[in-house]
Amino acid sequence: SQLVDLWIDNNPNLGGTVSFFQNISSSLQTAYLDGCGLEGTLPSSFNTSAIKVLSLTYNKLRGEIPPNTITRMTKLIQLYLHHNQFNGSLPQVGNLPDLLIVDLSFNSFSGLLMDFPYDHSLLELTLNDNLIFGPLSPLLNLTRISKIDISNNVFNSMIPDPISFRGNLKIF
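For the structure given in this document, a descriptive report is provided here. All values derive from a computational prediction rather than experimental measurement.

Reading the values: rules and limits
- Residues numbered from 1 in each chain as written.
- Predicted model: local features only at pLDDT ≥ 70, side-chain atom pairs only at ≥ 80, totals over all residues.
- Heavy atoms only, no water.
- Helix = DSSP H or I, 4+ residues; strand = E, 2+ residues; numbered from the N terminus.
- Buried < 20%, exposed > 50% of the residue type's maximum accessible area, 1.4 Å probe, protein only.
- Contact = heavy atoms within 4.5 Å.

### Topic: unusual backbone geometry
Then comes step 1: Of note, the phi angle at Tyr-58 is positive, near 50 degrees, even though the residue is not glycine.
Then comes step 2: If you trace the backbone, Tyr-58 turns up in the loop between β4 (53-55) and β5 (60-63).
Then comes step 3: Positive phi, close to 55 degrees, is recorded for Phe-106, a residue that is not glycine.
Then comes step 4: Tracing the backbone shows Phe-106 in the loop between β8 (101-103) and β9 (108-111).
Then comes step 5: Judged by relative accessible area, which is 36%, Phe-106 ranks as partly exposed.

See the structure below:
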């Protein structure tokens, strides 16, 4: 099959797990499965090498995200996993060069911020309402960033001066 776009969001009685991604077309580029009543954990292997947009918001997904699940999505541009029950460390997305938007808010992620190389392409980073702590210095590498929301976490370091951001930061 050559399925490229999958839009079945806002079907709360659909249910099931996301394990079907293991059998889905490797040509899938867009997946919107928001509010579909999906449960369980993310599998360690997705057949999603071509995926550019992944949105699994407002479901009942839980547990830790396996370390390589997201990092193997090398063409990823937008990642939306907010309003679930994920926990553990934040997925390391800094190695995804084309990533523009990340929203992992309203989960129970804990630990340190993910690292980003200097001048990463990221424009929006939304991590509010988690349990993230530690230094905020990794944010200074996001020179193109326009929106950062890290509210309602447990950070314990000094807030970087918004002037330190060399990009187009409008919301912090």
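Read on, since the account is not over.
### Thoughts on the side chain of Ser-105
Then comes step 1: Looking at the element boundaries, Ser-105 is found in the loop between β8 and β9.
Then comes step 2: We classify Ser-105 as buried; its relative accessible area is 2%.

### Overview of the environment of Leu-61
Then comes step 1: Relative to the helices and strands, Leu-61 is located in strand β5.
Then comes step 2: Considering only alpha carbons, one finds Leu-61 and Leu-81, 20 residues apart in sequence, at a separation of 9.0 Å.
Then comes step 3: In this structure Leu-61 touches Val-18, Leu-38, Glu-39, Gly-40, Leu-42, Leu-56, Asn-84, Gln-85 and Phe-86, once residues within four positions along its chain are discounted.

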